Structure formats: C-alpha cells, structure tokens
Amino acid sequence: MALPPKEVQQIHEKIKLLEYDPTPDAKVKKQLKHLHPRLHRIRSGKYRLFYTFEKPYISLLALRRRDDDTYDEEIDAEFLGGLIPELRIAQPGVHSWEAPASDEPAVTRLPQPITAELLARLQIPEEHFARLTPLQTEDDLLNCPDVPAQILDTVLEYMFPRPIQQVMQQPDLQVQHLDDLLRFKEGELIGFLLRLSPEQEKYVTWGMKASGPTLLKGLPGTGKSTIALYRVRALIAELRKQGRDDIRILFTTYTNALVNSSLQLLEQLLGEDRRFVEVQTADRVAITLLSQAGSAPHILGDSEINTLLRQAIQQTRFDGSEQQQQSQRQTIEQMSLDYLLQEINQVIVARQLHTLKDYLSAARPGRKLPLRGIQRRAVWSVFETLQQSLSRQGKITWRQARAMAEAYVAQGAYTRLYDAVIVDEAQDLDPSALRLLVHLCKQSNRLFITADANQSIYGSGFNWSDVHQDLKFQGRTAILHANYRSTREIGEAAQNYLAEGALDTDNEERLYVNNGPQPIMRRIQDQHQQLQLLVSFFRQARSAYRMSSGACAVLCPTIKAGRAIAEALSQQGLEATFMTGQELDLKRSCIKVITLRSAKGLEFPIVALAGFLDSAWHTTMPHTSSDEEREEYLSLERRTMFVGMTRAMRALLVVTPQDSTSPLMQGFDRQYWNIAE
Ligand SMILES: Nc1ncnc2c1ncn2[C@@H]1O[C@H](COP(=O)(O)OP(=O)(O)OP(=O)(O)O)[C@@H](O)[C@H]1O
C-alpha cells in the first residue's frame, strides 16, 4: 500500500512471474531453507518479496526493503524474526511484565515519522491525519482511542513489520486475479476473502441436495460461522442455476453484535447479491412476525419476571390433601428461583406443553434434577399462577413470544417463507424459536444449522429431533476439528478446564494451526492487585503483538464488575469502555469490557477474564438443596467460562480470587496453565 507507483508496477511484474513459475532459479528466486523449509524470496530492485507455494496457491507473505548497507542474508534473517520473546515463557512463574518496574514501559520511537503523504498512500481517511501525524512512539499508536482500531493497525503494520512466524499464523486471504491487488490499493476493493481449508470448503456445499437439513458441529473457532456465511453464497448460486432471481434467504445469529459482523462479511462475500439475504436474530424474526400478525406484544424484562415468579409462588394454591399440598410447597421452596424459571421456560413454554398431562409425561433432556409426578404438579400450579398474572397485566415473556410466533407460522397463516434458512449458533436457541425457523424454510434440505453444545450457556442442551421431527440429521451431521482462532495452548487449556461441564464429548480429535505462549492464571487478593495485573498484561501483550487497544477485551461475570474494571483501567491511562450486548461496537479502539455471556460468538486477540472478586461465582452458590441442581448450575457456568476463554486468539489471562472455594475457580491444571499466586 505504501509503495510509490513506479515500484508498485515493478513488484506487480514480479508477482506475475511467480504466478507463472514460483520455483527457485538461483538468481532472482531463491529458497531460504535455512530459515524455514518452505520459505522463498524473489528480488525486485531494492525490495525482497517473501513467499511460499503449494499448488495451486502462492502465498505472498511480506515485502521488505533492502538498504544499501544490508546484505540479503541479513535481511532474510531479520525478516524471519523470532517468537515474541517476553510472552514465550513456557515455565510457570512470574513473568517479567508482572514486576513493578514494568509499569514504566520502555519507549520505542517510531522508525519514521507519520506524514500526511504516507497516510494518504495507506488509504487512511483525511479526517484522522491531524490526530495521527503528531504521534511519535509505538505506545502512542497502541493507545490512541479516538482513531478506529483498524486504522491504527494499518499504521502499526507498516511501522513494525511482523516476524514471519506471526505472518504465517495469520489467515490466508485469496486473490482471484492479480489486478485485484492494484484495485485494493486504489481503494476500489474493500478486502479479500478468507481461503477456506479443503475440509471447510467441502461443507460449504455438503448435503445441499440431500433429503433433509444439515448440522455442522465443531469446537470453538473451527470456522462454523464462516462456513455458514459461505454457504449463503453457494445457495444463491444453486438457486440461480435453477433460474431463480427472486431469492430470499434468512441468516440468523444469536446476538445483535453478531448480526452486524455477519452483515459486513456478507457484503464482502456477496456484493450486489447481499440484497437476497436477511440477517436477524431469531428473536427479531419472531417479533416482526407477531407485529405483522397484528399483535404487538409487551415483553417482560428479566428482573420483572423474577418478581412476578416470586409473587406467583406466594399466591399459588396447591391441590390435593393437606400432606400433598405441603409436599408441593416444599418442592418449590427447595428449588432455586433460576431453576424453577428454567423449568417453566425450557420445558413447559418452549415445548408448548398445554396441559398438565403433557408435562407429566414430557422428557426433560439435560435437566439433572428428577421430578416425580407430585413435584411436576407443583411446578405446573406455579406456572399457571404466573400465566394468570401475566395475562392480567397484558404482558408476555420472550419465551411466550417465540412460541406465539411459531404457532402463527405453523398454522400456515404466514406465506412469505424463505428459500433457505441458515441458523448460526443454534445451541442456545429456544426449541420454539428453532421450530419457528424450521417452519419458515420452504424446503427442509435448505436448512443449515451450526451448533456446539459445549458452548451452550443458557440451557442444558436438548435432543434435536425432540424439538421438531424435521430436525433429524442422521448422515447429515459433520464435525470440524481444526481450530483457526486460538493457539493450541489456549485451546487445550480451555478444554482441560471445561472437562466436567462438557455436554458433547464427540470432539476428541483437536487440531490447531497456531501456537503461542501458555495462557496465564493468577490468583489475587484484592482489586488493587487485579488492576495492576490487568494493566501490565494489556500493556505488554499489546506491544508484544503490536496491536492497538481495540484488540483487547476483558470478560466479566457481571455488569457491575465490568463497569468497575472499565473505570479503573481508564484511570490508569488504558482507555476502556464497558459495553452491553446491545451497545457493543467492535470497531472502537479502546479495551472492550463485556460480560462473559455477551462475548458469545465473538473473538479478540488479547483477552482477560476478570472481575470475580465480588461475584457470586466465587462466594456463594445459588440457594439450593439438591446436588443435581447444583451440578447442572456448575456445568452451565463452567461452559460460560469456557466460552470466555475460547474467545482469545493469542493471549489469555484469567484472574481468580485467591481464597475462592467455588469449583468454578478451580480446575486449572499446571500442565496447561501458567499459574502463580
Ligand atoms: N481456513 C481458515 N483459515 C484461517 N482462518 C480461518 C479459517 N477458517 C476460519 N478462520 C478464522 O477463525 C476464526 C473462527 O472462525 P468462526 O468464528 O467461523 O468459528 P466458529 O466455529 O463459528 O467459532 P465459535 O463456535 O467459537 O463461535 C475467525 O477469525 C475466522 O476468520
């Protein structure tokens, strides 16, 4: 991007030459076996272009200038670089960055000034010039909150070229025609598409002509969402082949934050054809349908439901003999409010059980606490009281809204069905939301679902075919094994932590493309220690990976802990913002502080899990007297922690309270985690 036009032309010619024949010729093209078995370079005037090749691809890794006083060998060696020295410590123990002295980071000056001319060549919008040109040091660039993270990263990348080890770990982007490189430089092309692995490529079109829907499973970071997006393109191509030009495809994500990022990728992937696709959360689909059906429901918030449920428990009159009534009351009192609400939501409302008889014989997959007939009667009575008070107030819950939308479509009242429906992150969808999506799809073989039960953080899993008879995936379930997001060290440490909370143990075989330092677990005594730790970790990781604050995230158990951490970090000069799931703005170049739950589906290069000091997670368990309920709760929250850990791409720190007795703060094995007090 930063090259002057004459040199661009020259380099372009050299790439053409490679396209024709990349093999070494002992003159311009040379193999650099001593640095890496597959590494080559081609000379182009003062520049060296480094590449690898493997039919049918040539991977262009970097372009380096050779100054008059450097030898080729020197530039090659420098270019290869090393792994990040400070973070590479494999032995447990205190890192250099934890020592108090590291609070005063060494100043690294930029190798050349940031000029307006340079910024223009890098295609950076002029509005940012005034903010960028005065910057002098690496730290200035890393911590420049009012410029978008992507822009800072472009300048950083130019100022501090990455060692080849890091470049090789970055995803491969695919260029269809060489001229696209020039078009990109001129700003006519927004970006390039990711090159999928052959395995992933296969699942983009897999089972499209089968007799039923397809399910794609896989560990975190294996590319499920990516494949789902590429599948949209494949479906459009297929429908076009059939002569269709009025295509309608629905792509659903779990959260609003994922709607935005999926839309951006679809725009890049589809260009004009983006108009054929609607991207929504399943809940938005349900609400839109209900308002089209003429009812604009008033939906209750979470805290309102808890209050109503408490009142319902008080008001419920249980039936039967005195003894039976007493035993029912006891059943309810011994259950935690959360567990009772989940029972009502997941088992009764979501499965649309309309009578006590249905509930008495219902399967309750994933629910560990067994409920006998008399106990189910008790739950049913509370459920009925709750329903009555809801209808008196003219309000409904989210679960009910989804169930109503499903019933509306199932009756055949809605005719604008979709040619294809893609459901990403289905593991936490309400059964009735899933059924709604099944009904909305014209043909069951155009339904494509991705899910990872181990990332289920709201419910306790379900059997697909219990949800809908069309959701039988025999012979149409695929599992992805290669993790492209996290390093092996992070992935394996997270898996080891998860062990007891796992719902799906199919994924024994795990592959990784990236390596890095072991994730870090530190036990702290107070808020002050936590803050010091976070500040040094982010400072050091940011500079080790040369990424701006926008690459960093703190994931917290509660909103309260998140707000406190964001404020404390900002006071220490590390701009940080707490964002709720609704407010999430991934482009902001500050440290994002979010809850563990709203991090679902997202990813960040540098992640810390913190804020457990004041949280119920480490002190108390919910009021409960049964082991089963406790076990179910713990495995759910363990999965939530697991989802948080697996958001990290390169560096992960988990901060836990030193005196915690909660099982959630245990289970860190020294074989996988770098642990110290
Ligand atoms: N073939 C590939 N090469 C390089 N990077 C890839 C490849 N496939 C996926 N990725 C990257 O890996 C990351 C994870 O992909 P994605 O979000 O699709 O995974 P996922 O399975 O949906 O993850 P999760 O279930 O944890 O949300 C993304 O940054 C994506 O761009």
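Looking at an unreviewed UniProt entry, one finds the protein named DNA 3'-5' helicase and attributed to Dictyobacter aurantiacus.

Engineer: Which residues make up the packing of helix H13 (residues 302–315) against helix H15 (residues 337–349), and what values go with them?
Structural biologist: Running from N to C, H13 and H15 point in directions that differ by 95 degrees, and their axes come no closer than 11 Å. The orientation of H13 relative to H15 falls into the category roughly perpendicular. Of the residues in H15, those in contact with Ile305, Asn306, Leu309 and Arg310 of H13 are Leu337, Leu340 and Leu341.

Engineer: Can you tell me about the sheet that holds strand E10 (residues 420–423), naming the residues and giving the values?
Structural biologist: Read from one edge to the other, the open sheet built from six strands follows the order E9-E8-E10-E11-E7-E12, with strand pairing classed as parallel. Only two strands of the sheet have a single neighbouring strand rather than two, namely strand E9 (277–281) and strand E12 (477–480). Averaged over all pairs of adjacent strands, the angle between strand axes in this sheet comes to 15 degrees, irrespective of strand direction. Both strand E7 (residues 214–218) and strand E11 (residues 447–451) contribute to a ladder of four bridges, which runs parallel. Bridged to Lys217 within E11 is Ala451. Across the sheet, helix H10 (residues 224–241) touches E7, strand E8 (249–253), E9, E10, E11 and E12, and the angle it forms with E11 is around 170 degrees. Sheet strands touched by helix H11 (residues 256–270): E8 and E9. Its angle to E9, the strand with the most contacts, is close to 165 degrees.

Engineer: Give a description of the UniProt feature "binding site: ATP" (unreviewed entry) in the protein that names residues and reports values.
Structural biologist: Per the UniProt annotation, the sites labelled "binding site: ATP" (unreviewed entry) are Gly218, Leu219, Pro220, Gly221, Thr222, Gly223, Lys224 and Ser225. Tracing the backbone shows Gly221 in the loop between E7 and H10. Among all residues touching Gly221, those that are not within four sequence positions of it are Asn483, Tyr484, Arg485, Ser486 and Thr646. Relative to the elements of secondary structure, Ser225 occurs in helix H10.

Engineer: So, the confidence of the model for the protein: which residues are in play, and what are the values?
Structural biologist: Residues at a pLDDT of 70 or more form 92% of the protein, whose mean pLDDT is 86. For residues 82–94, every residue scores under 50 in pLDDT, and the model assigns this stretch 23 contacts once sequence neighbours within four places are set aside. Interface scoring of the predicted complex returns ipTM 0.98; its pTM is 0.85.

Engineer: Tell me what's going on with the nonpolar core, and back it up with residues and numbers.
Structural biologist: Core analysis: the biggest nonpolar cluster contains 72 residues, and Val554, Ile591 and Ile606 have the highest contact counts within it. The element that contributes the greatest number of residues to this core is strand E20 (residues 648–657), accounting for seven residues. In this structure, Ile591 is in contact with Phe538, Ser549, Cys552, Ala553, Val554, Leu569, Leu574, Glu575 and Ala576, ignoring residues within four places of it in sequence. If you look at the next biggest cluster of nonpolar residues, it comprises 70 residues, including Ile227, Phe251, Ile305 and Leu447.

Engineer: Explain the packing of helix H18 (residues 398–410) against helix H19 (residues 431–440) residue by residue, including any values.
Structural biologist: Orientation of H18 relative to H19, taken along the N-to-C sense of each, is 25 degrees, at an axis distance of 8 Å. With respect to their mutual orientation, H18 and H19 come out roughly parallel. H19 is crossed by H18, and the crossing has left-handed handedness. Taking contact as the criterion, the partners of Arg402, Ala403, Ala405, Glu406, Val409 and Ala410 in H18 are, on H19, Ser432, Ala433, Arg435, Leu436, His439 and Leu440. For the contact of H18 with H19, the class distribution of residues is seven nonpolar, two polar and three charged.

What counts as what
- Residues numbered from 1 in each chain as written.
- Predicted model: local features only at pLDDT ≥ 70, side-chain atom pairs only at ≥ 80, totals over all residues.
- Axes fitted to C-alpha atoms, helices over the stretch in contact; angles between N-to-C directions.
- Helix = DSSP H or I, 4+ residues; strand = E, 2+ residues; numbered from the N terminus.
- Parallel < 35°, antiparallel > 145°, perpendicular 65-115°, else oblique.
- Contact = placed C-beta atoms within 7 Å.
- Pairing = 2+ DSSP bridges.
- UniProt positions renumbered as here; feature names shortened; annotations may be inferred.
- pLDDT = per-residue confidence, 0-100.
- Core = buried A, V, L, I, M, F, W, Y, C linked by C-beta atoms within 7 Å.
- Buried ≥ 20, exposed ≤ 12 C-beta atoms within 10 Å, placed from the backbone.
- Left-handed = near helix turned anticlockwise from the far one by under 90°.
- Nonpolar A, V, L, I, M, F, W, Y, C, P; charged D, E, K, R; others polar.

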